[in-house]
Amino acid sequence: MTDQGVRPSGTGAGMPTASTTQQPIGQQLTGQEGASGGRFVGRTRELGELHTDMERAGLHTLSGRPSPHSRVLLIAGRAGSGRTALAEAFAAQVADRYPDGVLRARLTGPGGAPVPTERTARDLLAALGPDPVPAGAGEDELTETLRAALGRRRVLLLLDDVAGPAQLLDLLPDSRDCLVLAVASGPLTGVPDVRPCTLGGLDREAAVALLAGRAGAAHRTTVDPRSAELVAEACGGLPAALTLAGGWLAARPKISVADAAKQLERLPDADPLERAFRLVGDSLAEQPARLLRLLSLAPAGLADAHTASALVGCSVATAQRSLEEFLRLGMLRAAPATPGCYSVPRCLDPLLRAELAERESAEEVTLARARMLERMVRQLRACHAVTEPGGSEARKSLALLPRAVRFGSAAAARDWLAARRPVVLAAARLAVTEGGGRLDTLARRLISALARAFDAHCSPEEAAPELYRLHELVLGVAERGGRRRERAVALLNLGDLDVRTGRHPRALERYRAALDAARDGRDGRHLRDAADQQAAGRALESIGGTYEDLGDWARAADWYGRALELHQTRDARAAVARLHGRLGTVHGHAGRSGDALREWRAAAANFRRLGDSRSQARAAAEVARLRERDDGGR
């Protein structure tokens, strides 16, 4: 980190992808909203409408002007109406018509903020695989690449929580062989050929069946059908509300359905979902109730026992028991794409956040968030340390960590990182954006630990897109805090990744900005200390290397010369030797054999003084080659 996958059948088993029953990396589809513990009840008419709309020709087709984009089916309804459950049920019924798989993405994050299109496109491309996603690519490039990739496939694209038509239009495949199934709270005007299916509450029979399934014993509703109907009516027929009421009954096997109806009736007149939420929430003891509202702070809306333990300050075992109880009550959903995690249903997220704002002070929220992020830092450090050799400092530090935080093997750590990738990336973004800068120190530690973990468990191609995001976050923290040196390092790292992906103009901008950041702001030239000199030297050499990649030998030699001059004043002998060699290379390409010969001789002499026999031999070979060429020319 999807801000938060599925891949087509037959893709390679790289870390950024997962099975075809999972969700795109970084954009978890967190459970079936309104589903009853995996059961799907009712909605027969709506399913029939979706099948009919899928086969029906669009208006543009009938008019003789078929749209170049894929068809769009829209399921519209309020949160808690079971709209995602219906989408999942329909997708399961038609999935065999799309041999390249089902791709899923959620376009609204916890708290209601739209997910940036760039992030969604990147995660969907990573899920498609097998080619790595270019690090640092912009939104236009990513969406164009995504549409082109989808245009070569038959894919069902399920987009949940669509915030607006622009989000959808940016992702529409340029192919009639694909189908987009969108889930939103209302109409999406401006989307061509969209077919809406609007949801309300379940009918009475389906609502009672859902309640009975959740309550745990069918006779509780069959012996008192009128009370069951009253409960269903109080819940507005909303699957999410019925799930909560049924979970409350299941936890109280000696309480009758009539008692539940009376309890709901006594609650203040309110939204049906809020009424059911109050029924369950008011029954919780103080500590579980506090944990429940603090779960709204969980990155990407996903929490495991470690997250819950850190948020409330209890043991991992106690937190696990609470999470399992919340699952039974319907306050959480299992997250099969992220084993060991539970998701906060999006329909309950606003209610939990309102509770948090009402009952927890800003200081308590910041402290809970800091504890959660600190726990993640320790887990990431353990994830990296398990790959280090025995006896190393990292392994010694690992032995001091609690047993619950450690990993038994490097493979287990890699699996954990692969499954938690959207969570840890969301945590990094949260650490930077929340707390008004008060968590910046923790954010830097978290990002550093995350970068080390990616380096340890991913290939450079796999890690590059995520590292690019992390370096951008570091840059934001450094700029906010006025940390000149950290800004320079972040810019240098971003420039290096830009060079690797062929974005040389952007890399040059990064390197020049890093050079300015390394210099003292008073006169734009003064370097304060060795660290500034090192950053400036790296920037100068990187600019030269970029011009060398572009074949601009004159500019490359100029910038290498500036870097050489700086490193000579620092007495950085290894850098001096390396730069003599780089100058020799560019002079040779430019046809200046005399200058090239002089630089390679200097490089050989410096490598000899350093005791680097291998590099000295290479420099000597270049000297011999140049002399032989000159002799042959005569």
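Scroll up to find the structure this text is about.
Residues numbered from 1 in each chain as written. Predicted model: local features only at pLDDT ≥ 70, side-chain atom pairs only at ≥ 80, totals over all residues. Heavy atoms only, no water.

Chemist: For this particular structure, what's the right way to read unusual backbone geometry?
Modeler: Residues apart from glycine generally show negative phi values, whereas peptide bonds are mostly found in trans. Its identity as a non-glycine residue notwithstanding, aspartate 161 has a phi of 55°, on the positive side. Mapping aspartate 161 onto the fold places it in strand E3 (residues 156-162). Aspartate 161 sits in the buried class, given a relative accessible area of 8%. (Helix = DSSP H or I, 4+ residues; strand = E, 2+ residues; numbered from the N terminus. Buried < 20%, exposed > 50% of the residue type's maximum accessible area, 1.4 Å probe, protein only.)

Chemist: I'm lost on the pairing of strand E4 (residues 179-184) in this one. Help?
Modeler: The two faces of the sheet receive side chains in turn, since in a regular strand these alternate between them. Burial analysis of E4 places six of its six residues in the buried class, the great majority of the element. The alternating pattern of E4 places Leu179, Leu181 and Val183 and Val180, Ala182 and Ala184 on opposite faces, both of which are buried. Two elements, E3 and E4, share five bridges in a ladder whose sense is parallel. When the sheet's bridge partners are listed, leucine 157 is paired in E4 with valine 180. (Pairing = 2+ DSSP bridges.)

Chemist: When you look at the sheet that holds strand E7 (residues 333-334) in this model, what are you seeing that I'm missing?
Modeler: Sheet strands pair by backbone hydrogen bonding; their relative direction is either parallel or antiparallel. Overall, antiparallel pairing links the three strands, which are arranged E6-E8-E7 in an open sheet. Bordering the open sheet on either side are strand E6 (302-303) and E7, each of which pairs with just one other strand. Summarising the sheet, E7 and strand E8 (residues 342-343) pair through two bridges and their orientation is antiparallel. Paired with alanine 334 across the two strands is tyrosine 342, which belongs to E8.

Chemist: Where do I start with the sheet that holds strand E2 (residues 102-106) in this structure?
Modeler: Overall, parallel pairing links the five strands, which are arranged E2-E3-E4-E1-E5 in an open sheet. For this open sheet the edge positions go to E2 and strand E5 (194-198), each flanked by a neighbour on one side alone. With direction set aside, neighbouring strand axes in the sheet form an average angle of 15°. Note: strand E1 (residues 71-76) against E4, six bridges, orientation parallel. (Axes fitted to C-alpha atoms, helices over the stretch in contact; angles between N-to-C directions.)

Chemist: Help me out: how do you make sense of empty space enclosed by the protein in this one?
Modeler: Where empty space is left can be seen by rolling a probe of water-molecule size over the atoms. By volume, the second largest cavity is sized at about 60 Å³. In terms of lining residues, the second largest cavity is bounded by Asp304, His306, Thr307, Cys341, Met372, Arg375, Met376, Gln379, Trp416, Arg420 and Val423. Counting only elements with at least two residues in the lining of the second largest cavity, the list comes to helix H14 (305-312), helix H17 (362-385) and helix H19 (410-433). The leading source of residues in the lining of the second largest cavity is H17, at four residues. Across the lining of the second largest cavity, the residue classes tally to five nonpolar, three polar and three charged. (1 Å grid on protein atoms, 1.4 Å probe; cavity = no way out; pocket = protein on both sides within 12 Å on 5 of 7 lines; lining within 4 Å. Points joined across faces, edges and corners; volume = space filled by probe spheres on them. Nonpolar A, V, L, I, M, F, W, Y, C, P; charged D, E, K, R; others polar.)

Chemist: Would you take a moment to explain the side chain of serine 542 for this structure?
Modeler: Within the secondary structure layout, serine 542 lies in helix H24 (residues 530-549). Here serine 542 falls in the buried class, since its relative accessible area comes to 14%. Once you skip the residues sitting within four places of it in the chain, serine 542 turns out to touch Asp496 and Tyr511. (Contact = heavy atoms within 4.5 Å.)

Chemist: Can you walk me through the environment of glutamate 324 in this structure?
Modeler: Along the chain, glutamate 324 falls in helix H15 (residues 316-329). By relative accessible area, which is 32% here, glutamate 324 ends up partly exposed. Separated by 18 residues in the primary sequence, glutamate 324 and tyrosine 342 have C-alpha atoms spaced 9.0 Å apart.

Chemist: Got a minute to help me understand the nonpolar core in this structure?
Modeler: If you look at soluble globular proteins, the nonpolar side chains tend to sit buried side by side. Leu295, Leu380 and Leu470 are the most contacted members of the largest nonpolar core, which has 141 residues in total. Those residues in contact with leucine 295, other than ones at most four positions away along the chain, are Ala303, Ala308, Leu311, Leu323, Phe326, Leu332 and Val344. Listed in part, the 31 residues of the second largest apolar core include Leu74, Leu124, Val133 and Leu171. (Core = buried A, V, L, I, M, F, W, Y, C linked by side-chain atoms within 4.5 Å.)

Chemist: What exactly am I supposed to notice about the packing of aromatic side chains here?
Modeler: To describe a pair of aromatic rings, one takes the distance between the centres and the angle between the planes. Applying the stated rule across the entire model yields one aromatic pair. When the centroid spacing of 5.3 Å and the interplanar angle of 55° are considered together, the rings of phenylalanine 407 and tryptophan 416 count as tilted. One Lys or Arg, arginine 562, reaches over the ring of tryptophan 559 and ends 4.0 Å from the middle of that ring. (Phe/Tyr/Trp six-rings, centres within 6.5 Å; stacked < 30°, edge-to-face > 60°. Lys NZ or Arg CZ within 6 Å of the ring centre and 35° of its normal.)

Chemist: I would appreciate a short explanation of the packing of helix H13 (residues 286-294) against H14 in the present structure.
Modeler: Working note: a packed helix pair is described by the angle between its axes plus the distance between those axes. Put simply, H13 and H14 touch, their axes get as near as 9 Å, and they point 110° apart. The angle between H13 and H14 places the two elements in the roughly perpendicular class. The two elements H13 and H14 meet at a crossing, and its hand is right-handed. Residues Gln287, Arg290, Leu291 and Leu294 of H13 lie in contact with H14, whose contacting residues are Ala308, Leu311 and Val312. When its residues are assigned to classes, the contact of H13 with H14 shows five nonpolar, one polar and one charged. (Parallel < 35°, antiparallel > 145°, perpendicular 65-115°, else oblique. Left-handed = near helix turned anticlockwise from the far one by under 90°.)

Chemist: Just to check I follow, could you spell out the pattern of salt bridges for this structure?
Modeler: Note on pairing: side chains with opposite charge can pair once their charged atoms come close. Summed over all chains, the structure comprises 47 salt bridges. Note that arginine 414 is salt-bridged to glutamate 462, the shortest N-O span being 4.0 Å. One end of the pair, arginine 414, is in helix H19; the other, glutamate 462, is in helix H21 (residues 460-481), with 48 residues separating them in the sequence. A relative accessible area of 27% places arginine 414 in the partly exposed class. For glutamate 462, a relative accessible area of 17% translates into the label buried. Between arginine 487 and glutamate 479 there is a salt bridge, with its nearest N and O atoms 3.2 Å apart. Through salt bridges that share partners, Arg43, Arg45, Glu46 and Glu49 make up one connected network. (Salt bridge = Lys/Arg side-chain N within 4 Å of Asp/Glu carboxyl O.)

Chemist: Is there a simple way to explain helix H20 (residues 440-457) in this structure?
Modeler: Each full turn of the α-helix corresponds to 3.6 residues, which orients residues three or four apart in the same direction. In a regular helix each residue adds 1.5 Å, so 18 residues correspond to 26 Å; H20 covers 26 Å between its end C-alpha atoms and thus fits that length. Among all positions in H20, only Asp440, Leu442, Ala443, Leu446, Ile447, Ala449, Leu450, Ala451, Ala453, Phe454 and His457 are buried. Among the structural elements, H17, H19 and H21 are those in contact with the buried residues of H20. (Expected span 1.5 Å × (residues − 1).)

Chemist: Is there a simple way to explain the environment of valine 424 in this structure?
Modeler: In this fold, valine 424 is placed in helix H19. For the pair formed by valine 424 and leucine 380, sequence separation is 44 residues and the distance between their alpha carbons is 8.9 Å. When neighbours within four sequence positions are excluded, valine 424 is seen to be in contact with Met376, Leu380, Trp416, Leu417 and Leu450.

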